[in-house]
Amino acid sequence: MIDVDALSAALQAASDATYARALGREVTTLRGLRGVPNAEIARIASETWKASPVDLDTDEAALGALFSTSFDDGLLAIALLATRVSDQPAEVLEIGLDWLTRVDDHQTADALGWVVLGPAAMRASGSVLGLHEHIDKESHPCARRAIMMTGMALLPVPVESVAAAGLRARFDTGSLALTDRVHGDELAALCTLFYRDDAPAVRKALRRVLGAWGRLEPDACEEWADTQRGGIARMLREEVTEVVKRARRKLKRVEGAEPG
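Cut-offs and rules
- Residues take numbers from 1 onward in each chain, read along the sequence in its written order.
- The predicted nature of this model means local features are confined to residues of pLDDT at least 70 and side-chain atom pairs, given and counted, to a pLDDT of 80 or more, with totals for whole chains, interfaces and linings taken over all residues.
- With hydrogens and water excluded, all non-hydrogen atoms of the structure serve as input to the side-chain values.
- Orientation is described by lines fitted to C-alpha atoms, with helices fitted over the stretch in contact, and by angles between N-to-C directions that extend from 0 to 180 degrees.
- Strands are runs of DSSP state E lasting at least two residues, helices are runs of H or I lasting at least four, and both sets are numbered from the N terminus onward.
- Angles below 35 degrees are treated as roughly parallel, those above 145 as roughly antiparallel, those between 65 and 115 as roughly perpendicular, and all remaining angles as oblique.
- Note: crossing handedness is left-handed where the near helix turns anticlockwise from the far helix by less than a right angle, and right-handed where it turns clockwise.
- Contact criterion: two residues are considered in contact whenever any of their non-hydrogen atoms come within 4.5 Å of each other.
- To sort residues, take the accessible area from a 1.4 Å probe on protein chains only and compare it with the maximum for the residue type: under 20% means buried, over 50% means exposed, and anything in between is partly exposed.
- A pair is scored as a salt bridge if a Lys or Arg side-chain nitrogen falls within 4 Å of a carboxyl oxygen belonging to Asp or Glu.
- By convention, a stacked pair of Phe, Tyr or Trp rings (six-membered ring in the case of Trp) has centres within 6.5 Å and planes under 30 degrees apart, an edge-to-face pair has planes over 60 apart, and any other such pair is tilted.
- Nine residue types can take part in a nonpolar core, namely buried Ala, Val, Leu, Ile, Met, Phe, Trp, Tyr and Cys, and a core is a set of them joined through side-chain atoms within 4.5 Å.
- For a helix, the expected span equals 1.5 Å multiplied by the number of residues minus one.
- Two joining distances apply to patches: 9 Å for like charges and 5 Å for nonpolar side chains (Val, Leu, Ile, Met, Phe, Trp, Tyr), and every residue must have over 30% relative accessible area and no salt bridge.
- Here the Shrake-Rupley method, with its probe set to 1.4 Å, supplies the accessible areas, and only the displayed protein chains count as covering residues.
- As used throughout, the charge tally considers Lys and Arg to be positive and Asp and Glu to be negative, leaving His and the chain termini uncounted.
- Charge placement uses NZ in Lys and CZ in Arg. For Asp and Glu, CG and CD serve respectively.
- Charged means Asp, Glu, Lys or Arg here, nonpolar means Ala, Val, Leu, Ile, Met, Phe, Trp, Tyr, Cys or Pro, and polar covers whatever is left, Gly included.

Undergrad: Provide a residue-level description of the packing of helix 8 (residues 141-148) against helix 10 (residues 184-194), including the pertinent values.
TA: Taken N-terminus to C-terminus, the directions of helix 8 and helix 10 make an angle of 165°; their axes are 10 Å apart at the nearest point. In terms of orientation, helix 8 lies roughly antiparallel with respect to helix 10. In the crossing of helix 8 with helix 10, the sense of the turn from one axis to the other is left-handed. Together, R144, I147 and M148 of helix 8 and L190, C191 and F194 of helix 10 make up the contact between the two elements.

Next comes the structure, spelled out in structure tokens:
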């Protein structure tokens, strides 16, 4: 069973004042931050899962309390919640959507979207497209960013977030992707939902998703960019153009190296 006080104490013991000051220049959140290096959050997440795997029947309230305590505690809570996606996707999705209402920083948004909301929605219903209905125009831009970041769970790319630490411990691997194929139609529809959102937080997430998609499926990504009504923002167009160009050059090199 999760002991919130013990986990928060472990995070506090691992905090670093110098790191906290540097992190404070990047992260602004009403929950505050301790300044725990990612490696330490990952270590605590891994040790916690190995000692006592999460049980949502008994740990849901504790996870919610942990998520609300601070920025660092929130990343640990996401890491632990993510370990239940494959077993209880509907329940995890419900919890993740509740946490979504409290997201107000980029890193938490990225982690929640990539390792919780995206994979849970795909397992529970086969689509991420209905998630935007759970927020409104008054929601924090980072809530929309989290939903845009579900697109990373639709791509066979290694999860970079520290919030994947629990999953890495569970599956005993140093690197993992949340799908084995590109969900192209789903990606196109998701990107179309957000390409007119002018919030910088959302634009950056969309740019990241497009960059990853373009590297894997340059033709499909370019076609999406070319067919959006009214055109896409210059920053997005530049990202697509550059990543597609690099992907095609790489493909040509590979084809040229193949024996005839």
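Undergrad: Mind laying out the environment of A13, listing which residues take part and the relevant values?
TA: If you trace the backbone, A13 turns up in helix 1 (residues 4-14). Judged by its relative accessible area of 69%, A13 is exposed. Separated by 35 residues in the primary sequence, A13 and T48 have C-alpha atoms spaced 15 Å apart.

Undergrad: Kindly report on the pattern of salt bridges, identifying the contributing residues and their values.
TA: If you walk through the whole model with that rule in mind, you get 16 salt bridges. Here D87 ties to R84 by a salt bridge, and the two come within 3.6 Å at their closest N and O atoms. Overall, D87 belongs to the partly exposed group, its relative accessible area being 39%. Notably, a salt bridge pairs R207 with E239, separated by 3.0 Å at the nearest N-O pair. Note that R207 is positioned in helix 11 (residues 200-216) and E239 in helix 13 (residues 234-257), a separation of 32 residues in sequence. On the basis of relative accessible area, R207 is assigned to the partly exposed category, the value being 35%. Taken together, the shared-partner salt bridges connect D110, R145, E160 and R208 into one network.

Undergrad: Give me the packing of aromatic side chains: which residues, what numbers.
TA: We describe a pair of aromatic rings using the distance from one ring centre to the other and the angle between the two ring planes. Per the stated rule, a full pass over the model turns up two aromatic pairs. On the basis of an interplanar angle of 10° and a centroid distance of 4.5 Å, the ring pair of F67 and W99 is categorised as stacked. Taken together, the positions of F67 in helix 4 (residues 56-69) and W99 in helix 6 (residues 89-100) put the pair 32 residues apart, joining distant regions of the chain. Across the pair, exposure class does not vary: F67 and W99 are buried alike.

Undergrad: How would you explain the nonpolar core if you had to name every residue and give the values?
TA: L76, I78, W99, L100, V115, L210 and W213 are the most contacted members of the largest nonpolar core, which has 87 residues in total. Non-local contacts of L76, meaning those with residues more than four positions away in its chain, are made with L7, L11, I41, I44, A45 and L66.

Undergrad: Requested: an account of the side chain of T48, with residues and values cited.
TA: Relative to the helices and strands, T48 resides in helix 3 (residues 38-51). Each residue touching T48, except ones within four places of it in the same chain, is listed here: L7, P53 and L80.

Undergrad: Can you break down the environment of Y19 residue by residue, with the values?
TA: Note on placement: Y19 falls in helix 2 (residues 17-24). Overall, the relative accessible area of 27% leaves Y19 in the partly exposed class. In this structure, the C-alpha to C-alpha distance between Y19 and V36, residues 17 residues apart in sequence, is 7.3 Å. Setting aside residues no more than four positions away along its own chain, Y19 makes contact with G35, V36, P37 and N38.

Undergrad: Outline helix 5 (residues 71-82), listing residues and values.
TA: Counted at 1.5 Å a residue, the expected span for helix 5 with its 12 residues is 16 Å, and the 17 Å between its end C-alpha atoms agrees. For helix 5, the buried fraction is high: 12 of the 12 residues fall into the buried class. The set of residues buried in helix 5 consists of F71, D72, D73, G74, L75, L76, A77, I78, A79, L80, L81 and A82.

Undergrad: Mind laying out a positive patch on the surface, listing which residues take part and the relevant values?
TA: A contiguous patch of positive charge on the surface is contributed by K245, R249, K250 and R253. With respect to the helices and strands, K245 occurs in helix 13. The exposure class of K245 is partly exposed, given its relative accessible area of 41%.

Undergrad: Which residues make up the packing of helix 5 against helix 6, and what are the values?
TA: Direction vectors running N to C along helix 5 and helix 6 enclose 165°, while the axes themselves pass 11 Å from each other. It follows that helix 5 is roughly antiparallel to helix 6 by the angle criterion. In this structure, the crossing between helix 5 and helix 6 has a hand that is left-handed. Where helix 5 abuts helix 6, its residues A77, I78 and L81 lie against V92, I95, G96 and W99. Across the contact of helix 5 with helix 6, the residue classes tally to six nonpolar, one polar and no charged.

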